[in-house]
Amino acid sequence: MAVPVAFFALFFAYPVTAIVGRGLKAEGAWQFGRIGEVLSRPDILDVLWFTTWQALASTALTLLIALPGAYVFARFDFPGRQVLRAVVTVPFVLPTVVVGTAFLALLGRGGLLDELWGVRLDTTVWAILLAHVFFNYAVVVRTVGGLWSQLDPRQEEAARVLGAGRFAAFRRVTLPALAPAVAAAALMVFLFTFTSFGVVQILGGPAYSTLEVEIYRQTAQLLDLPTAAVLTLVQFAAVGGILAVHAATVRRRERALKLVDPAQTSRRPRGAGQWALLGGVLLTALLLILLPLGVLVERSLDGAGGYGFGYYEALQSVGAGGSSTFLVPPLEAVGNSLRYALVATLIALVVGGLAAAALTRRAGRLVRGFDALLMLPLGVSAVTVGFGFLITLDKPPLDLRTSWILVPLAQALVGVPFVVRTMLPVLRAVDDRLREAAAVLGASPLRAWREVDLPLVRRAVLVAAGFAFAVSLGEFGATVFIARPDNPTLPVAVARLLGRSGELNYGQAMALSTILMLVCAVSLLLLERIRTDRSGEF
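On a predicted model such as this, the values are computed, not experimentally measured, just so you know.

What counts and what doesn't
Residues numbered from 1 in each chain as written. Predicted model: local features only at pLDDT ≥ 70, side-chain atom pairs only at ≥ 80, totals over all residues. Heavy atoms only, no water. Helix = DSSP H or I, 4+ residues; strand = E, 2+ residues; numbered from the N terminus. Contact = heavy atoms within 4.5 Å. Areas by Shrake-Rupley, 256 points an atom, 1.4 Å probe, with all protein chains shown as cover. pLDDT = per-residue confidence, 0-100. Buried < 20%, exposed > 50% of the residue type's maximum accessible area, 1.4 Å probe, protein only. Core = buried A, V, L, I, M, F, W, Y, C linked by side-chain atoms within 4.5 Å. Salt bridge = Lys/Arg side-chain N within 4 Å of Asp/Glu carboxyl O.

## Quick look at the overall build of the chain
When you go through the chain residue by residue, the secondary structure sums to 23 helices and six strands. Sequence-distant contacts, at least 24 apart, represent 78% of the contacts inside the chain between residues at least 6 apart. Total accessible area computed for the chain in this model is approximately 24100 Å², and 63% of it derives from carbon and sulfur atoms.

## Points about the confidence of the model for the chain
Chain-level statistics for the chain give a pLDDT mean of 81 and a share of 89% at 70 or above. The lowest-confidence element of the chain is helix 16 (residues 365-375), averaging 69 in pLDDT; the highest-confidence one is helix 3 (residues 42-75), averaging 92. Under a pLDDT of 50 for its full length, residues 532-538 has, in the predicted model, 23 contacts with residues more than four places off or in other chains.

## Focus on the environment of Val519
Assignment of secondary structure puts Val519 in helix 23 (residues 503-530). Residue classification places Val519 among the partly exposed residues on the basis of a relative accessible area of 21%. Spatially, the C-alpha atom of Val519 lies 8.5 Å from that of Ala470, the residues being 49 residues apart in sequence. Apart from residues lying up to four places away in sequence, Val519 is in contact with Leu338, Phe469 and Leu473.

## Observations concerning unusual backbone geometry
Phi is positive for Thr123, which is not a glycine, with a value near 65°. Inspection of the secondary structure puts Thr123 in the loop between helix 6 (112-117) and helix 7 (125-148). For Leu223, which is not glycine, the phi dihedral falls at a positive 55°. On the accessibility criterion, Leu223 (62% relative accessible area) is exposed.

## Description of the nonpolar core
Formed by 157 residues in total, the largest nonpolar core has its most connected members in Phe7, Leu94, Leu203, Leu374 and Phe389. Here this core gets 16 residues from one element, more than from any other, and that element is helix 7.

## As for the environment of Ala465
Mapped onto the elements of the fold, Ala465 is located in helix 20 (residues 445-474). Residue classification places Ala465 among the buried residues on the basis of a relative accessible area of 18%. A C-alpha to C-alpha distance of 9.8 Å links Ala465 and Ser523, two positions 58 residues apart in sequence. When residues no more than four places from it in sequence are discounted, the contact partners of Ala465 are Thr345 and Leu349.

## What to know about the pattern of salt bridges
Across all of its chains, the model carries six salt bridges by this definition. Residue Arg299 pairs with Glu115 through a salt bridge whose shortest N-O separation is 3.4 Å. Of the two residues, Arg299 is situated in helix 13 (residues 271-301) and Glu115 in helix 6; the sequence distance between them amounts to 184 residues. Overall, Arg299 belongs to the buried group, its relative accessible area being 7%. With a relative accessible area of 52%, Glu115 lands in the exposed category. Residue Glu214 pairs with Arg217 through a salt bridge whose shortest N-O separation is 2.7 Å. Residue Glu214 and its partner Arg217 are located together in helix 11 (residues 211-221), separated by three residues, close to a single helical turn. Here Glu214 falls in the buried class, since its relative accessible area comes to 2%. Among the ionic contacts, a cluster of salt bridges with common partners joins Glu115, Glu298 and Arg299.

Right, dumping it as structure tokens:
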């Protein structure tokens, strides 16, 4: 536990505490009265209200659209099922900046809807809700669908034999068994949309602001640290409550369900109704997932002189078209992001692997508290973490503000929870008697780990590395503060290009987003080839 605790203390607790302290302290004394002052402001109340209701609306809309897909993937066996499963998962690992850019190309000025019917949905709440559904569709499909595929269908069939109708059998037998999974998926969707940043910033415009966007505005634009500190505490408390409810839901699910092999539950669709349902899910995947990504690629190729690679070629030069957005060619952001993500993945694997190993020891409250510590980066504003890095890691012996390692450290904070959650179930499944037998035969603890544990968890390590790499590649909230102008990452470069007017900047943003999408998609497809999905969860 020593290395993970030290890592989180230095690169998470210290920067966050420092930035919150600067906001709530005056003349060396804590000013807790500022909390009430900030939360009583009408503009802040509007932000809190919008953050909450858009997250609820996004969650409800995602469940409504994704639950039929969960059923199709759980019960139907059809050609291309595995490919489609990978396709619908691509949005989950895409950076939010790419998602926002894709929907901007579809719904914004000069987008597909604008060209066909003169309709623009950017700067409206509908663009935000649709982007959130796109981003979280796979959460419901994989979480609920994975469990649904393992429920024994004979239980529902027995209820129908005893006289229950199709709907009554589903409501009384299947739905109670699925309820924990649906609740878990809903809570995760609510968490992701409650802390939404890139999507709202790109599609919402100045009229809409979530807590995360407002923290960024108060910190970077207004330099109002007291307000930003209060909003950080509010978001931390809210997300902490969501995670606590989610943990209780998962524990209930683990205790209550008896599962079967998914291969026993899937079959070819039968009858017109089932084929119609399959067709509807395929159409939804086409319109909701493939269409925005396809439009993104099309816009990246649609230059002033017709279709071609002009925007991609412009990425190789500085100041193309009179733009001074970058100090280096924007294409260098690709190499920067890959290098940063690789280093962040290595850090996340070391820290997360040690943490997962410690959590397998089940040492009571200490380990449970340690488990909660690992999830804290999901509950604190990434903007706060990034700004905290700037104001704390600038003095010896941690004078890192001008060092390249600062970006991978921030990205690794987000990757560690994914590594832990991927490796922990596998490590807990390793039989202790294997280690004991190795020790009896004279193996040292290190050799026992190398000869016993590592071969069993090698696949989990590769999967964890894939998730950590994809998450690190798309991190934006903290990186936007600490990425140097001469070493931008892909998400930061896209945001800078979108923040400037001009057709060339817009086209380059589409081109960089397409490159980032392809890198993430390739990472996911490689991950799909090595993962063993028995639980249906991420």
